[in-house]
Structure formats: C-alpha cells, structure tokens
Amino acid sequence: MTNAELIAEAKKARLHAYTPYSHFQVGAALETKAGKIYHGCNIENAAYGPTNCAERTAFFKAVYEGEREFTRIAIVGGPEGQEANATCAPCGVCRQVMREFCTPDSFEIVLDDGKGGELVYTLEQLLPESFGPEDLGK
Ligand code: THU
C-alpha cells in the first residue's frame, strides 16, 4: 500500500470521529508488519480528559487484537464539516504510545499535508531521546 492509499484509509476513519466539543475530527490508519490496517478516530468526552485521540484508538484496537508489530501510521485531521486542509501532527501522548510498540528509527508517521501531498517522519524524529520499554529492561 502506498502512503497516499494509507492516507485515504485515514480519511475514511475520520468520518467516524465523535467530536461534539472541539468539532475537530481526526482519522488514523495504522499498518501492521503483516500489512493489516487498523482504523481509529478521536472520541471526545464531556469531562474532556478522557478524550481519546484517533492514533490511540487505532493502536488500542490493534493491540487488543494481539498485534504487536507496526510499520506506519497515517493521520488526517481538520475542522468538522470540511476536508482536512492542513497537517495534523500527533500529540505527545500518542507519540509515547507509539514508542511502546514501534521501533523509533523505522516506524513511519505519514501526515496528509492537506494539499494532496504528504509529510513522512520517523518516530525518532518526532520523539527524540525518548523513554521506552528498554529503559525498564523490556
Ligand atoms: N486529536 C487527535 O485525535 N489526534 C491528534 O493528533 C491531535 C488531536 C484530537 C483530540 C481532540 O478530540 C481534538 O483532536 C482536538 O484536540
């Protein structure tokens, strides 16, 4: 699957977002090493804090299903009711969740630039000098 195709999957996921508070809708498409795609959307909450980002929804669905190895995630976000037209980068909490299950120098984060193109970063680029499982001997 190309990065553009993975972004198209993230756009489909974005349609499932539950965003009565921010009205900012995000979709994610997470690829496993075996090539399976897990979709995620942001799910907000009246107490705000329990809100789950699209990226974490995708990871938690996949991990529940037994997946542990991932290659890429595509992310698309923007205001409700319109096509995403700017880059939506993952928040710090989601970057740390990626760190738990992904290899920093090879896992790729693919961002829709909102103009028909894409930006691609490794997890290492977006979360340098990170703390991860190895720091606890795992
Ligand atoms: N959000 C995500 O789902 N992923 C991101 O990468 C950035 C932010 C969500 C959380 C909240 O529902 C809304 O976007 C506004 O912050």
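Residues numbered from 1 in each chain as written. Predicted model: local features only at pLDDT ≥ 70, side-chain atom pairs only at ≥ 80, totals over all residues. Heavy atoms only, no water.

### Quick notes on helix H1 (residues 3-14)
- The end-to-end C-alpha distance of H1, which contains 12 residues, comes to 16 Å, matching closely the 16 Å that a straight helix rising 1.5 Å per residue would cover.
- Listed as buried for H1 are Asn3, Leu6, Ile7, Glu9, Ala10, Ala13 and Arg14. Along the long axis of H1, the arc covered by the buried residues comes to 155°, so they all point the same way.
- Buried residues belonging to H1 abut strand S1 (24-32), strand S2 (37-41), strand S3 (70-79), strand S4 (108-112) and strand S5 (118-122). (Helix = DSSP H or I, 4+ residues; strand = E, 2+ residues; numbered from the N terminus. Expected span 1.5 Å × (residues − 1). Buried < 20%, exposed > 50% of the residue type's maximum accessible area, 1.4 Å probe, protein only. Arc of directions from axis to C-beta. Contact = heavy atoms within 4.5 Å.)

### Thoughts on the site of the ligand
- Asn42, Glu44, Cys53, Ala54 and Glu55 are the nearest of the 13 residues found near the ligand.
- In the model, an oxygen atom of the ligand is placed 3.0 Å from a nitrogen or oxygen of the Ala54 main chain.
- A distance of 3.2 Å is found between an oxygen atom of the ligand and a backbone nitrogen or oxygen belonging to Ala89.
- The fraction of the free accessible surface of the ligand (370 Å²) that becomes covered by protein chains is 79%. (Near = heavy atom within 4 Å. Polar contact = N/O pair within 3.5 Å; in protein donor to acceptor, adjacent residues only side chain to side chain. Areas by Shrake-Rupley, 256 points an atom, 1.4 Å probe, with all protein chains shown as cover.)

### Quick word on the side chain of Asn3
- Tracing the chain through its elements places Asn3 in helix H1.
- The exposure class of Asn3 is buried, given its relative accessible area of 17%.
- Side-chain polar atoms of Asn3 contact the side chain of Arg72, separated by 2.7 Å.
- Setting aside its immediate chain neighbours within four residues, Asn3 contacts Arg72, Val110, Glu118 and Val120.

### As for the sheet that holds S1
- Pairing within the open sheet is mixed, and its 5 strands lie in the order S2-S1-S3-S4-S5. The outermost strands of the open sheet, each flanked by one partner alone, are S2 and S5. Pairwise comparison of adjacent strand axes, ignoring direction, gives a mean angle of 20° for this sheet.
- Pairing analysis gives 5 bridges linking S1 to S2, with the strands arranged antiparallel. Looking across to S2, one finds that Gly27 is bridged to Cys41.
- Those strands touched by helix H2 (residues 54-64) are S1, S2 and S3, and its axis lies near 140° from that of S2. (Pairing = 2+ DSSP bridges. Axes fitted to C-alpha atoms, helices over the stretch in contact; angles between N-to-C directions.)

### Here's the deal with the environment of Gln125
- Residue placement: Gln125 occurs in helix H4 (residues 123-126).
- A polar contact of 2.8 Å, which involves the side chain of Gln125, links it to the backbone nitrogen of Thr122.

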